[in-house]
Amino acid sequence: MEIRPATIDDVGAVVPMVQKICALHQEMDPSRYCYREDVGEMYRQWLGERAKDPNSVFLVAEREPGPPPVLAGFLIATREKEIPIYRIESYGSIHDLWVEETYRHEGIGRDLVMLCVDRFRQMGVAQVRLDTAPANDAARSLFRSCGFHASTVEM
């Protein structure tokens, strides 16, 4: 297993995983996660931009080299500007993390998260944030094991 920065060529293999995340979120909370019909295509464009953006961390876990590569999972995060009342000027925001079911419980998710945190640290970003659904116990457990703690409740 190799975890590496994603390229524009990986986007096509990542989009189906994004669609699985969307389906999972809709199942957990359909009123909160009411996606548009074209969410996959919207993500395709956004991920392509993130693959070239130096303020983004877009990682893939490659199980087998391609072409096309066999991907076991991915993580996408961006550097966001904080509002000026806080001392921290920017923070890293993990938007999505997915590991295909076949490859779960191998430490891939943890490796993706920890590499992301390290990449943000190299950028000079002191804080990394993320959201998880209240019903997603597995995600919260993973993120706690990576040093994250609950800080807000969205209502």
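Described below are features of the structure shown in this document. (Residues numbered from 1 in each chain as written. Predicted model: local features only at pLDDT ≥ 70, side-chain atom pairs only at ≥ 80, totals over all residues. Heavy atoms only, no water.)

**Topic: the state of the cysteines**
Put plainly, two cysteines are in a disulfide when a covalent bond ties their sulfur atoms together. Rules: Criterion for a disulfide: a pair of cysteine sulfur atoms within 2.5 Å. Here's how the labels work: a residue is buried when its accessible area is under 20% of the maximum for its type, exposed when over 50%, partly exposed in between, all with a 1.4 Å probe on protein chains only.
Overall, the coordinates contain zero disulfides when judged by the stated rule. Not engaged in a disulfide, the cysteine C22 finds its nearest cysteine sulfur in C34; these two sulfurs lie 11 Å apart. For C22, a relative accessible area of 5% translates into the label buried. Considering cysteine sulfurs only, C116 is the nearest to C146, which forms no disulfide, with 10 Å between them. Its relative accessible area of 12% is what places C146 among the buried residues.

**Describing the pairing of strand 3 (residues 70-81)**
Heads up, the rule is: Think of it this way: DSSP has to see at least two bridges between two strands before they count as a pair. Counting from the N terminus, the helices are DSSP H or I runs at least four residues long and the strands are E runs at least two residues long.
Inspection of the sheet shows strand 2 (residues 56-64) paired to strand 3 by eight bridges, in the antiparallel sense. If you follow V60 over to strand 3, its bridge partner there is F74. The hairpin formed by strand 2 and strand 3 contains five residues between the paired strands. When strand 3 meets strand 4 (residues 90-99), the two strands line up antiparallel, connected through nine bridges. Opposite T78, over in strand 4, you have S93 as the bridge partner.

**Some remarks on the pattern of salt bridges**
Filter applied, for reference: Each salt bridge in this description consists of a side-chain nitrogen of Lys or Arg and a carboxyl oxygen of Asp or Glu lying within 4 Å of one another.
The final tally for this structure, using the stated rule, is 12 salt bridges. Notably, a salt bridge pairs R36 with D38, separated by 3.1 Å at the nearest N-O pair. The exposure class of R36 is exposed, given its relative accessible area of 54%. Taking relative accessible area as the criterion, D38 reaches 32% and is therefore assigned partly exposed. Notably, a salt bridge pairs E49 with R50, separated by 3.6 Å at the nearest N-O pair. A relative accessible area of 36% means that E49 is categorised as partly exposed. One salt-bridge network, held together by shared partners, links R4, D10 and E62.

**As for the sheet that holds strand 5 (residues 128-130)**
For clarity, the threshold we go by: An axis is simply a line fitted to the C-alpha atoms; with a helix, the fit covers only the stretch in contact. Between two such axes, the angle follows the N-to-C directions and lies from 0 to 180 degrees. The criterion used for residue contact is that any of the two residues' heavy atoms lie within 4.5 Å.
Here we have five strands laid out as an open sheet, ordered 1-2-3-4-5, and mixed in their pairing. Each edge of the open sheet is held by one strand with a lone partner, namely strand 1 (2-5) and strand 5. Between one strand and the next, the sheet's axes are offset by a mean angle of 25°, whatever the strand orientation. Across the sheet, helix 2 (residues 39-52) touches strand 2, strand 3 and strand 4, and the angle it forms with strand 3 is around 75°.

**Here we look at the environment of A135**
Relative to the assigned elements, A135 resides in the loop between strand 5 and helix 4 (137-145). Separated by 42 residues in the primary sequence, A135 and S93 place their C-alpha atoms 20 Å from one another. Beyond its immediate chain neighbours, meaning those up to four positions away, A135 contacts M28 and R140.

**Looking at the packing of aromatic side chains**
Selection rule: Pairing of aromatic rings covers Phe, Tyr and Trp, the last through its six-membered ring, and needs centres within 6.5 Å; plane angles under 30 degrees mean stacked, over 60 mean edge-to-face, and all others mean tilted. Here, a charge over a ring is recorded when the distance from Lys NZ or Arg CZ to the ring centre is within 6 Å and its angle to the ring normal is within 35 degrees.
Across all of its chains, the model carries three aromatic pairs by this definition. Between F143 and F148, the aromatic rings sit 5.9 Å apart at their centres with planes inclined by 75°, giving edge-to-face as the arrangement. Here F143 and F148 have matching classes, each one buried. Across the ring face of Y33, the terminal group of R32 is positioned such that the distance to the ring centre comes to 4.9 Å. When the ring centre of W98 is taken as reference, the NZ or CZ atom of R104 above it lies at 4.7 Å.

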